[in-house]
Amino acid sequence: MSDLTTAPPTGPDLPDSRRRALRAHLMDEIHASPQPARRRRLMMMAAPAGVLAAVVAAGVIAGPWNDSVRPNPTTQVLAGDHDAALVFLDRLAAMAMARPASGATEGRYLYVKSRIAYMEFTDNDKGSLDELHDREIWLPLFAGGKGRLKEVDRPTDLGVFTAERVQPDLPQDPDELLRKIYADSAGKGNSPDGQAFTVIGDLLGESMFPAPTNAAIYQAAAKIPGVELVRDAVDATGRHGVAVAREELGERREWIFDEASGDYLGERSYLVEDKPYGKAGMITATTAVTERGVVDRLGRKP
């Protein structure tokens, strides 16, 4: 198998389309190979109300770490491949366009069940991962619907809100979408690029959009400086996948996908350098989507 950490011999000055084509055969090898809410969130940037209101409304109630799914940090701190990430995101966009339409949404709810754990800080600012636990959310896909969030057997009422707040009307042109994300995120997060990556990552977890919008989300992500491909990443349930990642201020955040189907599996964040609250390799967040579907009644499961 080709080494995905090796820079392309053609150099960085070729047009994006040519560079992606030159890396496509590497992604084919990837595809064919076998796969082996914290109470006080680390690096949780505020999401723009117009783009991520569902995530903001839902919030996170985080509930010690399951060592059986802890990754080997020495294999995860290596630099990823930027060009391969662009090819993979292009592939995800194509797969999104090929998915069948979801159908009518009036009177229906998006249901997502996840396993999650987030960093919790003590009074002396030392970090530890919360207990891995279930999160369930019902998001109305119609105006005036009432959503529900349930974590650790404690239901939380999300209140009444319009469909625009649950499923924002996002541009289907990737450049326009990315401009909107940057504009809505201005002044938030540690950097504009880092905040844009955070916003798109949150959109992947608990939202539902038409196929062209989903494709635009992946294409917009490819335009964020610093995105890279991580060959092997592990979600909160131990599933292995390919990750699109980005590092900022000594922490790497990964969006993990099934390499064959392109399905979003979850995300993981961990330190890539020592910090006052933890050592390199320390997990700061881990999630896994275990069930997802559209239901016709609040509280019903697919």
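Residues numbered from 1 in each chain as written. Predicted model: local features only at pLDDT ≥ 70, side-chain atom pairs only at ≥ 80, totals over all residues. Heavy atoms only, no water.

Participant: So what about the nonpolar core? Which residues, and what values?
Facilitator: The biggest cluster of nonpolar side chains holds 44 residues, and the ones touching the most others in it are Ile200, Tyr218, Val244, Trp255 and Phe257. When contributions to this core are tallied by element, the ones reaching two or more residues are helix H3 (82–98), strand S1 (109–121), strand S3 (133–140), helix H5 (174–184), helix H6 (192–205), helix H7 (211–221), strand S7 (240–248) and strand S8 (251–257). With eight residues, the single largest contributor to this core is H3. Ignoring sequence-local partners within four residues, the contact set of Tyr218 consists of Leu89, Leu92, Ala93, Ala96, Leu204 and Phe257. Listed in part, the eight residues of the second largest apolar core include Ala117, Leu132, Tyr270 and Val272. (Core = buried A, V, L, I, M, F, W, Y, C linked by side-chain atoms within 4.5 Å. Buried < 20%, exposed > 50% of the residue type's maximum accessible area, 1.4 Å probe, protein only. Helix = DSSP H or I, 4+ residues; strand = E, 2+ residues; numbered from the N terminus. Contact = heavy atoms within 4.5 Å.)

Participant: Requested: an account of the pattern of salt bridges, with residues and values cited.
Facilitator: According to the stated counting rule, one finds 17 salt bridges in the structure shown. One continuous salt-bridge network, built from bridges that share partners, spans Arg135, Glu151 and Glu206. (Salt bridge = Lys/Arg side-chain N within 4 Å of Asp/Glu carboxyl O.)

Participant: Can you explain H6? Please cite residues and give values.
Facilitator: In this model, H6 (14 residues) spans 21 Å end to end at C-alpha, consistent with the 20 Å of a helix rising 1.5 Å per residue. Counting buried residues along H6, twelve of its 14 residues qualify, which places the element largely inside the surrounding structure. Inspection of H6 places Gly194, Gln195, Ala196, Phe197, Thr198, Val199, Ile200, Gly201, Asp202, Leu203, Leu204 and Gly205 among the buried residues, and these make up the whole buried set. (Expected span 1.5 Å × (residues − 1).)

Participant: Report on the environment of Glu267, specifying residues and quantitative values.
Facilitator: With respect to the element layout, Glu267 can be found in strand S9 (residues 264–271). Overall, the relative accessible area of 8% leaves Glu267 in the buried class. Between the C-alpha atoms of Glu267 and Gly201, which are 66 residues apart in sequence, the distance is 8.2 Å. Apart from residues lying up to four places away in sequence, Glu267 is in contact with Gly201, Arg253, Glu254, Trp255, Ile256, Ala285, Thr286 and Thr287. Only 2.8 Å separates the side chain of Glu267 from the side chain of Arg253, close enough to count as a polar contact. (Polar contact = N/O pair within 3.5 Å; in protein donor to acceptor, adjacent residues only side chain to side chain.)

Participant: How would you sum up the pairing of strand S10 (residues 283–295)? Please name residues and give values.
Facilitator: Pairing analysis gives ten bridges linking S1 to S10, with the strands arranged antiparallel. Residue pairing in the sheet places Ala117 in a bridge with Thr286 of S10. Bridging between S9 and S10 involves three bridges; their strand directions are antiparallel. When the sheet's bridge partners are listed, Tyr270 is paired in S10 with Ile283. (Pairing = 2+ DSSP bridges.)

Participant: Tell me about the pairing of S7, and please be specific about residues and values.
Facilitator: A regular strand places its side chains on the two faces of the sheet in alternate fashion. Across the nine residues that make up S7, a large majority, seven, are buried. Sheet analysis places strand S6 (residues 228–234) next to S7, joined by five bridges and oriented antiparallel. Bridged to Ala233 within S7 is Gly241. Linking two consecutive strands that pair antiparallel, namely S6 and S7, is a turn of five residues; a positive phi of about 90° is found at Gly238 within it. The sheet contact formed by S7 and S8 spans seven bridges and is antiparallel. Residue pairing in the sheet places Val244 in a bridge with Trp255 of S8. Hairpin connection from S7 to S8: two residues lie between these consecutive antiparallel strands, with Leu249 at a positive phi of about 50°.

Participant: Could you give an account of H5, with specific residues and numbers?
Facilitator: Pro174, Leu177, Leu178 and Ile181 are the residues of H5 that are buried. Seen from one end, H5 has its buried residues packed into an arc of 95°, which puts them on one side. Facing away from the buried surface of H5 by more than 90 degrees, the exposed residues are Arg179 and Ala183. (Arc of directions from axis to C-beta.)

Participant: So what about unusual backbone geometry? Which residues, and what values?
Facilitator: A positive phi angle, close to 50°, is found at Leu249, a residue other than glycine. In this fold, Leu249 is placed in the loop between S7 and S8.

Read these as layout, nothing more, since geometry by itself doesn't imply function.
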